[in-house]
Amino acid sequence: MKIVFATNNKHKLHEIRKITAGSMEILSLSEINCHEEIPETGATLEENALMKAQFIKDKFGFDCFADDTGLEVDALDGAPGVYSSRYAGEACDPQDNMDKILRVLQGERNRNARFRTVIALLLNGERHFFEGEIKGQIIEEKRGTAGFGYDPVFLPDGYKQTFAELGDDEKNKISHRAIATRKLVEFLLSN
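In this text the structure is predicted, and so the values were computed from the model without any measurement. Just so you know, the residues in each chain are numbered from 1, in the order the chain's sequence is written. At least 70 in pLDDT is required for a residue's local features to be given in this predicted model, at least 80 for side-chain atom pairs to be given and counted, and no such filter applies to totals for whole chains, interfaces and linings, which use all residues. To get the side-chain values, take all heavy atoms of the structure and skip hydrogens and water.

Some details on the pattern of salt bridges
Using the following cut-off: Any Lys or Arg side-chain nitrogen found within 4 Å of a carboxyl oxygen on Asp or Glu counts as a salt bridge. Helix and strand definitions here come from DSSP, where helices need a minimum of 4 consecutive H or I residues and strands a minimum of 2 consecutive E residues; each element is numbered from the N-terminal end. Only protein chains enter the accessibility calculation, which uses a 1.4 Å probe. A residue is then buried if its area is under 20% of the maximum for its type, exposed if over 50%, and partly exposed in between.
All told, the structure shown has 21 salt bridges when counted by the stated rule. A salt bridge links aspartate 169 to lysine 18; its shortest N-O distance comes to 3.2 Å. Linking aspartate 169 in helix α5 (residues 168-174) with lysine 18 in helix α1 (residues 10-20), this pair joins segments that are 151 residues apart in sequence. Judged by its relative accessible area of 36%, lysine 18 falls in the partly exposed class. With a shortest N-O distance of 3.5 Å, lysine 52 and glutamate 40 are connected by a salt bridge. Of this pair, lysine 52 sits in helix α2 (residues 45-60) while glutamate 40 sits in the loop between β2 (25-27) and α2, placing them 12 residues apart in sequence. Overall, the relative accessible area of 6% leaves lysine 52 in the buried class.

Here it is in structure tokens:
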């Protein structure tokens with residue numbers, strides 16, 4: 001089976017390909033000659049994921065899926081959430097985002113957080129959604145070099161290592177994206 005993953009994020013593409021290895025072929029946007037930025041103006045993870053998938057379906061005609069992921073911090077009333085990738089501003093990078101979250105949480109005792117991924121699938125004219133979530137804590141300083149985004153400051157519940165210390169193989173067994181992707185793959189393979 002071949003399906004398009006509507007993302008320009010090379011880290012996400014690599015992660016999804018590792019998670020789905022052997023079960024399906026994931027086509028990137030460049031492999032379908034899509035080289036433009038896809039708008040992400042939704043107010044929720046669900047809206048953003050669907051918006052990206054719908055863009056590819058409308059413009060290129062492919063059945064596809066897209067995801068949106070947010071880090072939701074209890075002490076920040078669920079922020080940065082849908083704005084996780086631009087938490088420190090539109091022109092920010094992951095380091096800026098991590099620095100801001102560590103600064104904002106400085107002195108905060110409740111550091112509970114969760115990563116949540118929503119995948120929107122457009123297949124045979126129907127919409128399907130798959131969600132994955134992992135709970136943990138935001139630690140007080142960055143640890144580890146693997147992964148991307150907030151991985152160096154996120155310590156998943158039940159672990160002593162951050163996502164960035166666990167490495168891809170271990171992270172891809174337990175992560176929010178892995179949980180949502182497993183649900184997507186099970187659905188695709190059963191239909």
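Next, the rest of the story.
As for the pairing of strand β6 (residues 126-138)
As a reminder of what qualifies: Two strands form a pair only when DSSP identifies at least two bridges running between them.
The pairing of strand β5 (residues 112-123) with β6 spans 12 bridges and is antiparallel. Within β6, the residue paired with isoleucine 119 across the bridge is phenylalanine 130. By the bridge criterion, three bridges tie β6 to strand β7 (residues 154-156) in an arrangement that is antiparallel. If you follow glycine 136 over to β7, its bridge partner there is proline 156.

Remember that the coordinates give geometry; whether it matters functionally is a separate question.
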